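Here is how the chains run, residue by residue.
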Amino acid sequence: MAQDLRVPGLVARGRPVEILVGDRALTAFEGETVAVALLAAGIRHFRTSPVLGEPRGPYCGMGICFDCVLTIDGIPGVRACQTKVRPGMRVEIQAAHGRWEVEQR
Amino acid sequence: MITKPLVVVGGGPAGMAAAIEAGRAGLQCLLLDEAPAPGGQIYRAFPQDFRVEGPLGLGKDFVNGEALREQLKATAPAVETRSDVAVVNVSRGRELLWASGGATGSICAEQLILATGARDRAVPFPGWTLPGVLTAGGAQVMVKTYRVKPGSRALVAGTGPLLLVVANQLHQAGVEVAAVLEAGRPWISLSELPKLWGEWGLLRDAWTYWRGLQSAGIPLHFNHTVFEARGKDQVETVLYGPVDPVRWHPQKTAAQKVDVDLLVVGFGFVPNTELGYLAGCGHEYDDKVGGWIPIRDERMRTTVPGVYSVGDGAGVAGVLVAVEEGRIAGITAAEQAGLLSPIDAADRREPAEARLKSLQSVREVLDDISRIREGLLDLATPSTLVCRCEEVRLSAVQRAIDEGCKDLQSTKLFTRLGMGACQGRSCEPHLGAYLCQHLKRAPAAVGRINPQPPVRPVTFGTLAAAQETAEER
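Residue numbers run consecutively from 1 along every chain, following the written order of its sequence. Lettering for chains starts from A, numbering for ligands starts from 1, and both go in the order in which the items are written. Note on the predicted model: pLDDT of at least 70 is required for a residue's local features to be given, and 80 or more for side-chain atom pairs to be given and counted; whole-chain, interface and lining totals, by contrast, use all residues. Based on all heavy atoms of the structure, the side-chain values leave hydrogens and waters out of the count.

A. Quick look at the interface of chain B and chain A. In what follows, a contact means two residues having at least one pair of non-hydrogen atoms within 4.5 Å. Each side of the interface is counted separately: chain B has 54 residues, and chain A has 41 residues. When chain B packs against chain A, the two sides together hide about 4,100 Å² of surface, and 60% of this comes from carbon and sulfur. The term salt bridge refers to a pairing of a side-chain nitrogen on Lys or Arg with a carboxyl oxygen on Asp or Glu at a separation within 4 Å. Applying the counting rule to chain B against chain A returns one salt bridge. Across the pair D67 of chain A and R388 of chain B runs a salt bridge, and its minimum N-O distance is 2.4 Å. Using a 1.4 Å probe, buried area is obtained as the accessible area two parts lose upon being combined, added over both of them.

B. Representation of the sheet that holds strand β9 (residues 133-135) of chain B. Residue and element names in this part refer to chain B. Strand pairing is assigned whenever DSSP detects at least two bridges linking the two strands. By the criteria applied, helices consist of DSSP H or I runs no shorter than four residues and strands consist of E runs no shorter than two, each listed in order from the N terminus. Spatial ordering of the open sheet is given by β9-β16-β10-β11-β12, a layout of five strands whose pairing is parallel. Looking along the sheet, the strands with just one partner apiece sit at the ends: β9 and β12 (220-222). When strand polarity is set aside, the average angle formed by the axes of neighbouring strands in this sheet is 20 degrees. When strand β10 (residues 153-159) meets strand β11 (residues 176-182), the two strands line up parallel, connected through six bridges. Bridge pairing links A157 to L181 in β11. Lines fitted to the C-alpha atoms define the axes, with helices restricted to the stretch that makes contact. Angles between their N-to-C directions range from 0 to 180 degrees.

C. Quick look at a nonpolar patch on the surface. Two distance rules govern patches: like charges are joined within 9 Å, and nonpolar side chains (Val, Leu, Ile, Met, Phe, Trp, Tyr) within 5 Å, applied only to residues with over 30% relative accessible area and no salt bridge. Reported accessibility uses the Shrake-Rupley method at a 1.4 Å probe radius. Residues are deemed covered only where the shown protein chains occlude them. Together, I75, W100 and V102 of chain A make up a nonpolar patch on the protein surface, roughly 230 Å² of accessible area in all. Summarising the element assignment, V102 of chain A is placed in the segment after β9 (94-95).

D. Representation of the packing of helix α10 (residues 394-402) of chain B against helix α11 (residues 408-415) of chain B. Residues and elements named next belong to chain B. Close contact between α10 and α11 brings their axes to 10 Å; oriented N to C, the two are set at 115 degrees. For the pair α10 and α11, the crossing hand works out as right-handed. Contacts between α10 and α11 pair A396, V397, R399 and A400 from the former with T411, F414 and T415 from the latter. Three residue categories are used. Nonpolar comprises Ala, Val, Leu, Ile, Met, Phe, Trp, Tyr, Cys and Pro, charged comprises Asp, Glu, Lys and Arg, and polar comprises the others, including Gly. Split into classes, the residues belonging to the contact of α10 with α11 amount to four nonpolar, two polar and one charged. Should the near helix be turned anticlockwise from the far one by less than a right angle, the crossing is left-handed, and should it be turned clockwise, the crossing is right-handed.

This is the structure we're talking about:
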């Protein structure tokens, strides 16, 4: 059984949503952010820093610090704490600045 | 460009209160908030897809937040609330550029109330960039709003009453809390009780949280703080120990170790002043309320005509003060628009002014508790990263000083600190204090890392699309 750090009771979460983190399928819930979905599954290493190659994850949790950025649906540098999960979302742990995998508009 | 009689930026307690009073007086008001629903940090709403089953178990903040949201709804259609909208620039005083999803647009505000709130103050120490180190505010978002445990065993360190609140919330969520470390002294001494006389609600809250810790068997150490976080890919061990009671200098030789996978740090808050700065408002430095704050008069008017600033974004003072400041600004804006006579406006402001006055002595106690002391500057070692984004070590800053940098702006150009994605929001307050100490200069002389638009990230594609739309019109 995969780790689930969600606290039961008091609130009912939204409907289950399947997302992909690397090649691992995770069940999140509608209304959750990517940061919440990953932390709930025990994933804390969101990216590797560009200069020193150190592991980073959420720090401020409210959109200020940009430490939780990772690659979402081919777009690097997206704040996990400000992005809601969507069905079929592809999340990649980001090395340095990441790589665009979509056609740039 | 669309013109609005009043725009309120920020949907926390101060912004909601401002919009409510303006709306009640009949002033057409647009409330822009970057969260999915109004509430701000303290009254942050649950995600819309969540359903509340046990409101009574969710505590006072939930109930108070719901009450303000209901009052806000009742002011429709005078007040229009738009969520998920970030204001990314203010130019020529009151011209706003907003971004929402992939769209941007401009609004001209005849009057503008800034209620931009505050953020956790970042204090660098060795290992503070490891995953598993969370700010107190960030930990609250996880536990309170999303009901997720950000770790299994926690150490809570920093200063101020929020530490107790967070420790209780973590404990109730099932996180084991090893200890709470308060860098300062015991919060309420007997000599201060008279200043708090009458504020029974606050005293009861403090007592409740303290009792909560006691009954959970969580030790609370005053004049102690975190020294270092260690671990390979995440926090595994934390070193902590005593600080001197006056200046909070860490006594590193007396360090103790505790094994935890979560370190929550809360060293108070810093006002979000970027938009006020871009609007051209004059600012002054006051370390008792978080650092740089807009200069205001007693009706919350800044130095730019028609621009008000309220709540923690204008000086950290907590939710009770924020609400009253919001009310005063909302009423004054309605008076300014000619919807209230000066006598009516004065009548409506009176209860809020009286409440602010009675909170003044509480503020003095809290300000003294929360003001961080310079000993915390000694936590970072030369190899500690002081700028998380650009990965600048303290040694680089020391070199910049040796090379003759005398303010934040030149240090930024020399080291790249503050040039990253967060635009210096994390590093500026601490580095400013560091430069003041080492150069023996005043905050105004050391200056700031100037905010640059957009203050939230917007892609070039989005900006270009908005430009095309504007040209087609």
